[in-house]
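Listed below, chain by chain, are the residues.
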Amino acid sequence: MPLTTEIARAETAPPAIGLFALNGGETVADPADMRDIARLAEDAGYDSLWMGEHPVMPVPPPPGGWFHPGYVLNDPLITLSHLAALTSTIRLCTGVMLLPLRNPVITAKQVATLDRLSGGRFTLGFGMGYIRAQADAVGVAFRGRADRGREHLEAMRALWYDEPPVAYHGAHVDFSGVESFPRPVQADLPLVAGGHSDKALRLAITHAHGWFAFGLPPAHLEALLMRLRDIARTVERPARLGPLSITVSPPRGGIDKDIVEAYRRLGVDRLVLWAPPNLGARGLADYVRRNAAHISSP
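In what follows, the accompanying structure is described. (Residues numbered from 1 in each chain as written. Predicted model: local features only at pLDDT ≥ 70, side-chain atom pairs only at ≥ 80, totals over all residues. Heavy atoms only, no water.)

1. Observations concerning the environment of Gly25
Argument step 1. As for its position among the elements, Gly25 is in the loop between strand S1 (16–20) and helix H1 (31–44).
Argument step 2. On the accessibility criterion, Gly25 (22% relative accessible area) is partly exposed.
Argument step 3. Measuring from C-alpha to C-alpha, the distance between Gly25 and Ala141 comes to 29 Å, with 116 residues separating the pair along the chain.
Argument step 4. With sequence-adjacent residues up to four places away left out, Gly25 is seen in contact with Tyr71 and Val72. (Helix = DSSP H or I, 4+ residues; strand = E, 2+ residues; numbered from the N terminus. Buried < 20%, exposed > 50% of the residue type's maximum accessible area, 1.4 Å probe, protein only. Contact = heavy atoms within 4.5 Å.)

Next up, the structure:
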């Protein structure tokens, strides 16, 4: 069953289709190929491009990690800024950016600039991270990262939308008497919380327009949606956020009509596809064209 209408849309519409990891060297080895695939995805009707973040990787890699240490992963904001100049309609999304690792004042400026340069096409997908070595490398505490990240999010939103002079006072972020321009083009820049923990689900309900679940087949997603419903009964969702949109990256590979239908029945708004590794430019282009068959007309 889909989520209740208080936090999610009706289950009738088929999910939009997005594309994940154009900033990953395992998927796209050459910048020219990345640009070509981005344009191809836009022309084929994909609604969004999603890019993750790992500023450093520990050696040896952690058990169960998605990426090996030699994985080439371009910075998501810089990559999306590059693609913003080469596209015109497709949404540009981080999926996800690691908020506790970034200075919120500088990141707020970068995000607002990207939203303006792209004509209001940016979506900020965020997470808190799961690799201690990354926090150690940038000099922030791994413990308490969820609270730190929440404050970063709140402080950035204050810089985007509060009347100047702007102030924010928290345990991890504290400033007052400042202003920051440009502001985002979008009147309420879309925020998408990633993660499968109870803290991540709660943050999605209380602070985000959407939730991003990664690598989940329909059966596993259904269990988390049940948990999301339970948490939604215990916390308040601000009215300005509207219904909670559900974005899911299925297990890596392709999809078929039965898989799309299974996600649709669960109320998923968007599927973000991650191509198999090492397809090469031609193979990835074929993958993008083939899966465009699942894109529904507006």
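More follows now that the structure is in view.
2. A look at the packing of helix H6 (residues 198–207) against helix H7 (residues 218–232)
Argument step 1. Two elements in contact, H6 and H7, have axes whose closest approach is 10 Å; the angle formed by their N-to-C orientations is 60°. Judged by the inter-axis angle, H6 sits oblique to H7. Pair H6 / H7 crosses with right-handed handedness. Each of Asp198, Leu201, Arg202 and Ile205 in H6 lies in contact with H7, whose residues at this interface are Leu224, Arg227, Leu228, Ile231 and Ala232. (Axes fitted to C-alpha atoms, helices over the stretch in contact; angles between N-to-C directions. Parallel < 35°, antiparallel > 145°, perpendicular 65-115°, else oblique. Left-handed = near helix turned anticlockwise from the far one by under 90°.)

3. Quick look at the pairing of strand S7 (residues 191–194)
Argument step 1. Neither face of S7 is open: one carries Leu191 and Ala193, the other Val192 and Gly194, and all of them are buried.
Argument step 2. Across three bridges, strand S4 (residues 122–127) lies against S7 in parallel orientation. Residue pairing across strands places Phe126 opposite Ala193, the latter belonging to S7.
Argument step 3. Relative to strand S8 (residues 210–214), S7 is paired through three bridges, and the arrangement is parallel. Bridging from a neighbouring strand, Val192 pairs with Gly210 of S8.
Argument step 4. Chirality of the crossover, the property in question, places the unit of S7, H6 and S8 among those that are right-handed. (Pairing = 2+ DSSP bridges. Right-handed = clockwise from strand over helix to strand, strands pointing away.)

4. Considering the side chain of Thr247
Argument step 1. Inspection of the secondary structure assignment puts Thr247 in strand S9 (residues 245–249).
Argument step 2. Once you skip the residues sitting within four places of it in the chain, Thr247 turns out to touch Trp50, Trp211, Phe212, Ala213, Arg270 and Val272.

5. Focus on helix H2 (residues 76–84)
Argument step 1. Residues Pro76, Leu77, Thr79, Leu80, Leu83 and Ala84 constitute the buried set of H2. Angular distribution of buried residues about the axis of H2 spans 160°; they occupy a single face of the element.
Argument step 2. In this structure, the buried side of H2 is in contact with H1, strand S2 (48–51), strand S3 (91–98), helix H3 (104–117) and S4.
Argument step 3. A side-chain oxygen of the first residue of H2 lies 3.0 Å from the backbone nitrogen of Leu77; this N-cap is Asp75. (Arc of directions from axis to C-beta. Polar contact = N/O pair within 3.5 Å; in protein donor to acceptor, adjacent residues only side chain to side chain.)

6. Thoughts on the pairing of S4
Look at any regular strand and the pattern is simple: side chains alternate between the two faces of the sheet.
Argument step 1. Among the six residues of S4, six are classified as buried, and the element is accordingly described as predominantly covered.
Argument step 2. The side-chain alternation of S4 yields two buried faces, one formed by Phe122, Leu124 and Phe126 and the other by Thr123, Gly125 and Gly127.
Argument step 3. With respect to chirality, the unit in which S3 leads through H3 into the neighbouring parallel S4 is right-handed.

7. Remarks on the nonpolar core
Grouped burial of nonpolar side chains is what soluble globular proteins tend to show.
Argument step 1. Ranked by internal contacts, the top residues of the largest apolar core, which has 71 residues, are Leu22, Trp211 and Leu221.
Argument step 2. Membership of the second largest hydrophobic core comes to 16 residues, among which are Tyr71, Leu98, Ala135 and Trp274. (Core = buried A, V, L, I, M, F, W, Y, C linked by side-chain atoms within 4.5 Å.)

8. Section: the packing of aromatic side chains
Argument step 1. Counted under the stated rule, the structure contains seven aromatic pairs.
Argument step 2. When the centroid spacing of 5.1 Å and the interplanar angle of 45° are considered together, the rings of Trp50 and Phe212 count as tilted. Of this pair, Trp50 sits in strand S2 while Phe212 sits in strand S8, and the two are 162 residues apart along the sequence. Side by side, Trp50 and Phe212 carry an identical accessibility label, which is buried.
Argument step 3. Each member of the aromatic cluster is reached from another via a ring pair, and the members are Phe20, Trp50, Phe212, Phe214 and Trp274.
Argument step 4. Of note, Arg145 hangs over the ring of Phe142, and the distance from its end group to the ring centre comes to 3.9 Å. (Phe/Tyr/Trp six-rings, centres within 6.5 Å; stacked < 30°, edge-to-face > 60°. Lys NZ or Arg CZ within 6 Å of the ring centre and 35° of its normal.)

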